[in-house]
Amino acid sequence: MSIRVGILGYGNLGKGVESAIAQNDDMELKAVFTRRNPENVKVRTAGVKVLQADELSHMQDELDVLILCGGSATDLPVQTPQYASMYNVVDSFDTHARIPEHFAAVDAAAKKAGKVSLISCGWDPGMFSLNRLYANCVLPEGKDYTFWGKGVSQGHSDAVRRIEGVKDCRQYTIPVEKAVEAVRSGSNPELTTREKHTRECFVVAEEGADLAKIENEIKTMPNYFSDYDTTVHFITEEEMKRDHSGLPHGGMVIRTGVTGMEKEHKHVIEYSLKLDSNPEFTGSVIVAYARAVSRMNKEGMSGCKTVFDVAPAYLSPKSAEELRAHML
Ligand SMILES: NC(=O)C1=CN([C@@H]2O[C@H](COP(=O)(O)OP(=O)(O)OC[C@H]3O[C@@H](n4cnc5c(N)ncnc54)[C@H](OP(=O)(O)O)[C@@H]3O)[C@@H](O)[C@H]2O)C=CC1
Ligand SMILES: N[C@@H](C[C@H]1CC(C(=O)O)=NO1)C(=O)O
C-alpha cells in the first residue's frame, strides 16, 4: 500500500517535493493544496488534483502525510501547528533561532491529535544538523564550521519576497574565502557570523515602491540579514528571468578535533553538498522523512520530532534485512 501524500503550498519547494515523490515507488501524490485559486496553479503530475487549502479540513482519511511547503518567515509558523492537529506533517522550517518555539507549538498540536510532526527538515536545518551532531559526539574536543554557497537561499529569498513592495527576490549566500581557507588550514579560527558569509539580494520591486525602505528592511531583518554584510540590487523582471532562473546551492559542515591522551592526533570530519537544485534536493530529503513519519505514527508514535529523533532505518524503503545485507 503506497504512502498517500498531500502537498500544501506549490512554490519552488512544493515542485521539488512533487518531483521527489515521482522518484519513490512507495509514495503516491494524492493532491496539491494551495491558498490561491486552484485554477491558476498547474501541477506536472498527471491525474493529481489541485484543491483549495480549505479542503484539508476533511481529508484526514485520504492522506497519510501532509508536506508543508510554505515559507518559514510567515507561512509555517501558522500552518504547521494548524495542520499538525489534523495530519502527520513534515515542514522545512529554517528560522534557526525560532526552532524551539516552533517545536513547542507543533508538539502540543501533534500530541493532542495523536499524530507525528517532523519540523525543520531539509539540509540546513536537516542533513547538516545531523552531521554537526554526529561530528560533535565523535570528536568531543574540537570546533565546528558551517559554510553555505555560493548559492540561492530559499528561506532568505522567501523572507525578502514578504516585504511590502517586493515582487520577486533571489538571495545569494557567499562564503568569505579567507574564512574558508583559515578553517581548511587547521588553524581553528574564531569567526563571527559576519566574517563567514556575505549576502547579495537581487530584487524586483513593485511599480512605485519605496526602494530605500525595502533595502533598509532587508538589511535590518533579524534572524536573516542583520548579522551579515548585505548588498541589495534592484533589477527588472526580464533581468531576473534572464540572469537568476536557477536555484543552485550547496555548502559544507567541517569539524576539526583531537584525540589521544596528549591530544596528539588531529582529525577532520567534512560533509559537503553541491546542489543543482536547492528545492529538488530539499524535496528529496523531505520525502524520505515523510516515509519515516508515516511509519512512526503507524507504530503508535505521536508528537513533534526533528531529524535527531528519527532512526535512519525509518527513512529507507528497504527492509531491515535488506539494509543489514547491503548497507552495513
Ligand atoms: N531546511 C532547509 O534546508 C530548507 C528549507 N527551505 C524552506 O522552504 C521554504 C519555501 O521556499 P520556496 O518554496 O522557495 O518559497 P516560494 O516563495 O516558492 O513558496 C512559498 C509559498 O508561496 C506561495 N507561492 C508560490 N508561488 C507563488 C506565486 N507565484 N504567487 C503567489 N504565491 C505563491 C505558495 O503557497 P500557496 O500555493 O498556498 O499560494 C508556496 O507554498 C523557505 O521559506 C525555506 O524556509 C528551503 C530550502 C531548504
Ligand atoms: N534553509 C536554507 C538552506 C541552507 C542555505 C542557507 C543560506 O544560504 O543561508 N542556510 O541554510 C534555504 O532555505 O535554502
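If you look the chain up in an unreviewed UniProt entry, it shows as Meso-diaminopimelate D-dehydrogenase from Ventrimonas faecis. According to its UniProt record, the chain has this under Subunit (unreviewed entry): "Homodimer." Note on the chain: under the UniProt heading Pathway (unreviewed entry), the record states "Amino-acid biosynthesis; L-lysine biosynthesis via DAP pathway; DL-2,6-diaminopimelate from (S)-tetrahydrodipicolinate: step 1/1."

What follows covers the UniProt feature "domain: Meso-diaminopimelate D-dehydrogenase C-terminal" (unreviewed entry) in the chain. Under the local residue numbering, the UniProt record ascribes the feature "domain: Meso-diaminopimelate D-dehydrogenase C-terminal" (unreviewed entry) to residues 122–277. Along residues 122–277, the helical share is 31% and the strand share 36%, with 13 Å between the first and last C-alpha atoms.

Below, the discussion takes up the site of ligand 1. Taken together, 27 residues form the shell around ligand 1, and within it Leu13, Thr34, Ser72, Asp94 and Trp123 come nearest. A distance of 2.6 Å is found between an oxygen atom of ligand 1 and a side-chain nitrogen or oxygen belonging to Ser72. At a separation of 2.8 Å, an oxygen atom of ligand 1 approaches a polar backbone atom of Trp123. Compared with its free state, where it exposes 920 Å², ligand 1 has 82% of that area covered by protein. When contributions to the shell around ligand 1 are tallied by element, the ones reaching two or more residues are α1 (12–22), α5 (154–161) and α10 (278–298). Here the element with the most residues in the shell around ligand 1 is α5; it accounts for four residues. Of the residues in the shell around ligand 1, the class split is six nonpolar, 13 polar and eight charged.

On to the state of the cysteines. For the coordinates displayed, the defined rule picks out zero disulfides. For Cys121, which is in no disulfide, the shortest distance to another cysteine sulfur is to Cys69 and amounts to 10 Å. In this model Cys137 remains outside any disulfide bridge; the closest cysteine sulfur is found in Cys121, 19 Å from its own. Look at Cys137 and you get exposed, because its relative accessible area is 58%.

This brings us to a nonpolar patch on the surface. Residues Leu133, Tyr134 and Phe308 make up a contiguous nonpolar surface patch of about 290 Å² in total accessible area. The exposure class assigned to Leu133 is partly exposed, which follows from its relative accessible area of 33%.

All right, on to the packing of α1 against α10 then. For the pair α1 and α10, the least separation of the axes is 7 Å and the interaxial angle reads 60°. Here α1 is positioned oblique relative to α10, judged by the angle of their axes. Considering the relative orientation of α1 and α10, their crossing is right-handed. Across from Asn12, Leu13, Gly16, Val17, Ser19, Ala20 and Ile21 in α1, the residues of α10 making contact are Pro279, Glu280, Thr282, Gly283, Ser284, Ile286 and Val287. Among the residues making up the contact of α1 with α10, the classes are represented as seven nonpolar, six polar and one charged.

Turning our eyes to something else, we now look at the pattern of salt bridges. This model, assessed by the stated rule, comprises 23 salt bridges. One salt bridge in this structure joins Glu101 and Arg98, with 3.0 Å as the shortest N-O distance. By relative accessible area, Arg98 is classed as partly exposed at 32%. The partner of Asp229 in a salt bridge is Arg194, and the shortest N-O contact between them spans 2.7 Å. Separated by 35 residues along the polypeptide, Asp229 in strand β11 (residues 229–234) and Arg194 in helix α7 (residues 193–196) bring together distant segments of the chain. Classification of Arg194 as partly exposed rests on a relative accessible area of 36%. Several salt bridges share partner residues, and in doing so they unite Arg35, Asp75, Asp158 and Arg162 into one network.

Most of strand β1 (residues 3–8) sits out of view: six of its six residues are buried. Neither face of β1 is exposed, since Ile3, Val5 and Ile7 on one face and Arg4, Gly6 and Leu8 on the opposite face are all buried. Pairing analysis gives six bridges linking β1 to strand β2 (residues 27–34), with the strands arranged parallel. Across the sheet, residue Arg4 finds its bridge partner in β2, namely Glu28. You can see the chain leave β1, run along α1 and come back into β2, and the turn it takes is right-handed. As defined by bridge partners, β1 adjoins strand β4 (residues 65–68) across four bridges and the pair is classed as parallel. Bridge pairing links Leu8 to Leu68 in β4.

Looking now at the packing of aromatic side chains. The tally for this structure, following the rule as stated, stands at three aromatic pairs. Aromatic side chains Phe128 and Tyr271 sit 5.8 Å apart centroid to centroid with 85° between the ring planes, which places their arrangement in the edge-to-face category. Of this pair, Phe128 sits in helix α4 (residues 127–138) while Tyr271 is found in strand β13 (residues 265–275), placing the two residues 143 residues apart along the sequence. Residue classification places Phe128 among the buried residues on the basis of a relative accessible area of 0%. Ring pairs connect the aromatic residues Trp123, Phe128 and Tyr271, which therefore count as one cluster. Over the ring of Tyr172 we find Lys150, and its NZ or CZ is 5.4 Å from the ring centre. The ring of Tyr228 carries Arg199 above its face, with NZ or CZ at 4.1 Å from the centroid.

Parameters and conventions
Residues numbered from 1 in each chain as written. Chains lettered and ligands numbered in written order. Predicted model: local features only at pLDDT ≥ 70, side-chain atom pairs only at ≥ 80, totals over all residues. Heavy atoms only, no water. UniProt positions renumbered as here; feature names shortened; annotations may be inferred. Helix = DSSP H or I, 4+ residues; strand = E, 2+ residues; numbered from the N terminus. Near = heavy atom within 4 Å. Polar contact = N/O pair within 3.5 Å; in protein donor to acceptor, adjacent residues only side chain to side chain. Areas by Shrake-Rupley, 256 points an atom, 1.4 Å probe, with all protein chains shown as cover. Nonpolar A, V, L, I, M, F, W, Y, C, P; charged D, E, K, R; others polar. Disulfide = S-S within 2.5 Å. Buried < 20%, exposed > 50% of the residue type's maximum accessible area, 1.4 Å probe, protein only. Patch = residues over 30% accessible without salt bridge, like charges linked within 9 Å, V, L, I, M, F, W, Y side chains within 5 Å. Salt bridge = Lys/Arg side-chain N within 4 Å of Asp/Glu carboxyl O. Axes fitted to C-alpha atoms, helices over the stretch in contact; angles between N-to-C directions. Parallel < 35°, antiparallel > 145°, perpendicular 65-115°, else oblique. Left-handed = near helix turned anticlockwise from the far one by under 90°. Contact = heavy atoms within 4.5 Å. Pairing = 2+ DSSP bridges. Right-handed = clockwise from strand over helix to strand, strands pointing away. Phe/Tyr/Trp six-rings, centres within 6.5 Å; stacked < 30°, edge-to-face > 60°. Lys NZ or Arg CZ within 6 Å of the ring centre and 35° of its normal.

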